[in-house]
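Descriptive analysis of the structure
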Protein chains: 2
Amino acid sequence: MEIFYCKQISGGICTLDKEESGHVVKVLRHRAGDELSLFDGEGNLYRCCLTDASPTAAQARIVEQIPDWGAVPYRLTMAVCPTKRNERYEWFAEKATEMGVDAIVPVIGEHSERRVFKTDRLKKILLSASKQSLKGRIPAVEEPCTVREFIRRSDPSALRLIAWCFELEGVERKAIGDVLDAQPGRPACILIGPEGDFSREEAQLALDAGFIPVHLGSSRLRTETAALAAVSAFYVKYLCTSA
Amino acid sequence: MEIFYCKQISGGICTLDKEESGHVVKVLRHRAGDELSLFDGEGNLYRCCLTDASPTAAQARIVEQIPDWGAVPYRLTMAVCPTKRNERYEWFAEKATEMGVDAIVPVIGEHSERRVFKTDRLKKILLSASKQSLKGRIPAVEEPCTVREFIRRSDPSALRLIAWCFELEGVERKAIGDVLDAQPGRPACILIGPEGDFSREEAQLALDAGFIPVHLGSSRLRTETAALAAVSAFYVKYLCTSA
């Protein structure tokens, strides 16, 4: 099945933008009367009937609305420091979207080499990954903030995890799988550091704020692989294992 | 820590090839007497003392040998159909190596668009991923074979899984996490199909051979994402969850 993105919806009528209209009408040669599946990127799938096959502003009438379409049974925000090579971050974000993630926050750590991050390109990638993996909701891409700022702003009611690789005296990092088994169903956020890892001050700040230190296994994983392993821990627990 | 690859080992002396010698001597400027960590790609890490800082054929004396270095506590062969775009397959193989996999077999399915696969480039990628993730053993990359051939050759004593996306009458696909929980510790192989999925004949052939049909969750995952989700199911169960 193929779904098309539509932001402009009012009075039961969806108006496609130029790009999607061209794809629907010129490329796929849909005609008035054809059935179309549109999604608004906010969780809704709309089964529609194409009413105006304009190649620049096609319109479709909503026949049925399906909320929370393709939603995963967990809530997960990934706060991940940008990788030196941008395509590695984009790869992580694409794969996380396919599996299922609610939000991606580029956080800048004290040891981050890349301190600037543009979100526009990533948003396009997540839109297309959401289409490909049939998800009604496109993961949010938040504007970059520092690790300290993210910790300060984080919701204390959420299951807040941080993964670092160094030893911190008196601190035991739990296996992420054990933490998820012990606290199922809670909305979660996970902090993943840069190639140079978090600073000890950032780690301590997270601990003081109530973050749970976790490890992602004994393998030395790249930043983007660690981030995806964390998403996988949720995906495998909630979607590849029966309750 | 940095490790260097060395195939030529005899009489307690490791002789590095031109590339690694250049890296050790010219780039990192190691001198005779320096400590080096070498690995043979077959599971052994060697703590060595550099005895000859030749920029083309450096030699080091083995001080200590550590077998099964960086080994993961599961045995996994991934038989994955090549993706249309090669870099997606290479990405999967790199990430699977970081997490831990024993062998990768490019299998050609009846619906595979790419029917030719060169393994040389992939082997280089896995060598560098093994170095990066500190694994003494480089995953084997087998020569391509057809899905039918792989099924025919597969070891009946292994936990053999196949993931397809269509409905096959009378066949229930189990969640991969449940299968792993029910049969821990068995050497496993997993068949992942191409963009066009397996043919029903291939699926039936696998069933007849005793493969267990599994699903990888409700998300529609790309071939390379499905393959990594399967590796993640093992990685999370064995390395991110305490027994």
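One numbering rule holds for all chains: residues counted from 1, following each sequence as written. Throughout, the order in which chains and ligands are written sets their labels, letters from A for the former and numbers from 1 for the latter. Only residues with pLDDT of 70 or above have their local features reported here, since the model is predicted, and side-chain atom pairs are shown and tallied only from 80 upward, although totals for entire chains, interfaces and linings are computed over all residues. The basis for the side-chain values is all heavy atoms of the structure; hydrogens and waters are excluded.

**As for the packing of aromatic side chains**
- Note on aromatic pairs: the rings of Phe, Tyr and Trp (six-membered ring only in Trp) are paired at centre separations within 6.5 Å, and the planes decide the class, stacked below 30 degrees, edge-to-face beyond 60, tilted for the rest. Counted according to the given criterion, the structure contains 15 aromatic pairs over all chains.
- Between Tyr-89 of chain B and Phe-92 of chain B, the aromatic rings sit 6.0 Å apart at their centres with planes inclined by 70°, giving edge-to-face as the arrangement. With Tyr-89 of chain B and Phe-92 of chain B both in helix H2 (residues 86-99), this residue pair falls three residues apart, about one helical turn. We note that Tyr-89 of chain B, like Phe-92 of chain B, is buried.
- Pairwise contacts between aromatic rings join Tyr-74, Phe-234 and Tyr-238 of chain A into one cluster.
- To sit over a ring, a charge needs its Lys NZ or Arg CZ within 6 Å of the ring centre and within 35 degrees of the ring normal. The ring of Tyr-238 of chain A is capped by Lys-237 of chain A, whose NZ or CZ atom sits 5.8 Å from the centre of that ring. Put simply, DSSP H or I for four residues or longer makes a helix, DSSP E for two residues or longer makes a strand, and each gets a number counted from the N terminus. Buried means the residue's accessible area, taken with a 1.4 Å probe over protein chains only, is under 20% of the maximum for its type, while exposed means over 50%, and partly exposed covers the values in between.

**So, the sheet that holds strand E4 (residues 35-39) of chain B**
Residue and element names in this part refer to chain B.
- Reading across from one edge, E1-E4-E5-E6-E3-E2 is the order of the six strands in this open sheet, with mixed pairing throughout. Where the open sheet ends on each side, the last strands, each with one partner, are strand E1 (4-5) and strand E2 (8-10).
- For two strands to be treated as a pair, DSSP must find no fewer than two bridges joining them. Note: E4 against strand E5 (residues 45-52), five bridges, orientation antiparallel. Counted as the bridge partner of Leu-38 is Tyr-46 from E5.

**With respect to the packing of helix H2 (residues 86-99) of chain A against helix H3 (residues 120-132) of chain A**
Residues and elements named next belong to chain A.
- It is the contact of H2 with H3, at a shortest axis distance of 9 Å, that shows an interaxial angle of 30°. Compared by their axis directions, H2 and H3 come out roughly parallel. Where H2 crosses over H3, the handedness of that crossing is right-handed. Mapping the contact onto sequence places Tyr-89, Glu-90, Ala-93, Glu-94, Thr-97 and Glu-98 in H2 and Arg-121, Leu-122, Ile-125, Leu-126, Ala-129, Ser-130 and Gln-132 in H3.
- Across the contact of H2 with H3, the residue classes break down as six nonpolar, three polar and four charged. Fitting a line to C-alpha atoms yields each axis, with helices limited to the stretch in contact; the angle taken between N-to-C directions then spans 0 to 180 degrees. Throughout, the term roughly parallel applies to angles under 35 degrees, roughly antiparallel to angles over 145, roughly perpendicular to angles from 65 to 115, and oblique to all others. Crossings are sorted by hand: turned counterclockwise from the far helix by less than a right angle, the near helix makes the crossing left-handed, and turned clockwise it makes it right-handed. Whether two residues touch is decided by their heavy atoms; if any such pair falls within 4.5 Å, the residues are in contact. Nonpolar residues are Ala, Val, Leu, Ile, Met, Phe, Trp, Tyr, Cys and Pro. Charged residues are Asp, Glu, Lys and Arg, and all others, Gly as well, are polar.

**Topic: helix H3 (residues 120-132) of chain B**
Residues and elements named next belong to chain B.
- What a helix is expected to span follows from its residue count: subtract one and scale by 1.5 Å. Between its first and last C-alpha, H3 extends 19 Å over 13 residues, near the 18 Å set by a 1.5 Å rise per residue.
- Residues of H3 that are buried: Leu-122, Ile-125, Leu-126, Ala-129, Ser-130 and Gln-132. Summarising the axial view, the buried residues of H3 lie within an arc of 155°, below the 170-degree limit, and thus occupy one face. For H3, the exposed residues set more than 90 degrees away from the buried face come down to Asp-120 and Lys-124. Regarding the arc, it is the one traced by the directions from the helix axis to the C-beta atoms.

**Some thoughts on the relation of the copies chain B and chain A**
- Copy-to-copy alignment: least squares on C-alpha atoms, limited to residues at pLDDT 70 or above in both. Mapping chain B onto chain A leaves a residual RMSD of 0.0 Å; the transformation is a rotation of 180° accompanied by 0.0 Å of translation along its axis. The two molecules are tied by a two-fold rotation axis, judged by turn and shift. Within chain B, the C-alpha atom positioned nearest to the axis of rotation is that of Ser-232 of chain B, 3.1 Å from it.
- By residue overlap, the copies meet face to face through one surface: 100% of the interface positions of chain B are interface positions in chain A.

**As for the nonpolar core**
- Of all hydrophobic cores here, the largest spans 102 residues; its most connected members are Met-78, Phe-92 and Ile-176 of chain A together with Met-78, Phe-92 and Ile-176 of chain B.
- The contacts of Ile-176 of chain B, once residues within four sequence positions are left out, are Cys-240 of chain A together with Leu-161, Ile-190, Val-214, His-215, Leu-216, Ala-230 and Ala-233 of chain B. The term nonpolar core refers to a set of buried residues drawn from Ala, Val, Leu, Ile, Met, Phe, Trp, Tyr and Cys, joined through side-chain atoms within 4.5 Å.

**Quick notes on the state of the cysteines**
Residues and elements named next belong to chain A.
- In plain terms, two cysteine sulfur atoms within 2.5 Å form what is called a disulfide here. This model, assessed by the stated rule, comprises zero disulfides over all chains.
- Left without a disulfide partner, Cys-81 is nearest to the cysteine sulfur of Cys-145, which lies 9.4 Å away.
- Cys-81 sits in the buried class, given a relative accessible area of 0%.

**Re the interface of chain B and chain A**
- At the interface, 38 residues of chain B touch 38 residues of chain A.
- Using a 1.4 Å probe, buried area is obtained as the accessible area two parts lose upon being combined, added over both of them. Counting the surface lost from both chain B and chain A, the interface buries some 3,000 Å², and carbon and sulfur atoms represent 49% of this.
- The largest per-residue losses of area from chain B upon contact with chain A belong to Gln-132, Arg-220 and Cys-240 of chain B, which jointly make up 21% of the total buried on that side.
- A side-chain nitrogen of Lys or Arg and a carboxyl oxygen of Asp or Glu constitute a salt bridge if their distance falls within 4 Å. Remark: the boundary between chain B and chain A carries eight salt bridges.
- With a shortest N-O distance of 2.6 Å, Glu-224 of chain B and Lys-95 of chain A are connected by a salt bridge.
- Elements with a contribution of two residues or more to the side of chain B that touches chain A: H2, H3, helix H5 (176-182) and helix H7 (223-239) of chain B.
- A total of nine residues in the side of chain B that touches chain A trace back to one element, the largest contributor, which is H7 of chain B.

**Points about the environment of His-30 of chain A**
Residue and element names in this part refer to chain A.
- The residue His-30 is located in the loop between helix H1 (18-27) and strand E4 (35-39) in this model.
- Judged by its relative accessible area of 19%, His-30 is buried.
- In the structure, His-30 is positioned 20 residues away from Leu-50 in sequence and 8.0 Å away in space, judged by C-alpha atoms.
- Beyond its immediate chain neighbours, meaning those up to four positions away, His-30 contacts Val-24, Val-25, Glu-35, Leu-36, Leu-50 and Ala-53.

**A few points about the domain arrangement of chain A**
Residues and elements named next belong to chain A.
- Annotation of chain A at the domain level lists domain 1 (4-66) and domain 2 (76-240).
- Either an automatic procedure or a domain database provided the assignment from which the domain bounds are taken. Between domain 1 and domain 2, the C-alpha centre-to-centre distance is 34 Å.
- Counting residues at the interface gives nine residues for domain 1 and seven residues for domain 2.
- At the boundary of domain 1 with domain 2, total buried surface from both sides reaches about 550 Å², with 62% on carbon and sulfur atoms.
- It is Tyr-5, Phe-39 and Gly-41 in domain 1 that bury the most area against domain 2; as a group they hold 62% of the surface buried on that side.
- Remark: the boundary between domain 1 and domain 2 carries one salt bridge.
- Residues Lys-131 and Glu-20 are paired through a salt bridge, measuring 2.7 Å at the closest nitrogen-oxygen approach.
- In the side of domain 1 that touches domain 2, the residues fall into three nonpolar, three polar and three charged.

**Comments concerning the pattern of salt bridges**
- Enumeration according to the criterion identifies 36 salt bridges over all chains in this entry.
- The residue Arg-222 of chain B makes a salt bridge to Glu-94 of chain A at a minimum N-O spacing of 3.9 Å. One end of the pair, Arg-222 of chain B, is in the loop between strand E14 (212-215) and H7; the other, Glu-94 of chain A, is in helix H2, on a second chain.
- Given a relative accessible area of 14%, Glu-94 of chain A falls into the buried group.
- For the salt bridge of Arg-152 of chain B with Glu-149 of chain B, the shortest nitrogen-to-oxygen distance reads 2.8 Å. Here the residue Arg-152 of chain B and the residue Glu-149 of chain B both occupy positions in helix H4 (residues 147-153), the gap between them amounting to three residues, near one helical turn.
- Judged by relative accessible area, which is 59%, Arg-152 of chain B ranks as exposed.
- Taken together, the salt bridges that share partners define one network made up of Arg-88, Arg-222 and Glu-224 of chain A together with Glu-94, Lys-95 and Glu-98 of chain B.

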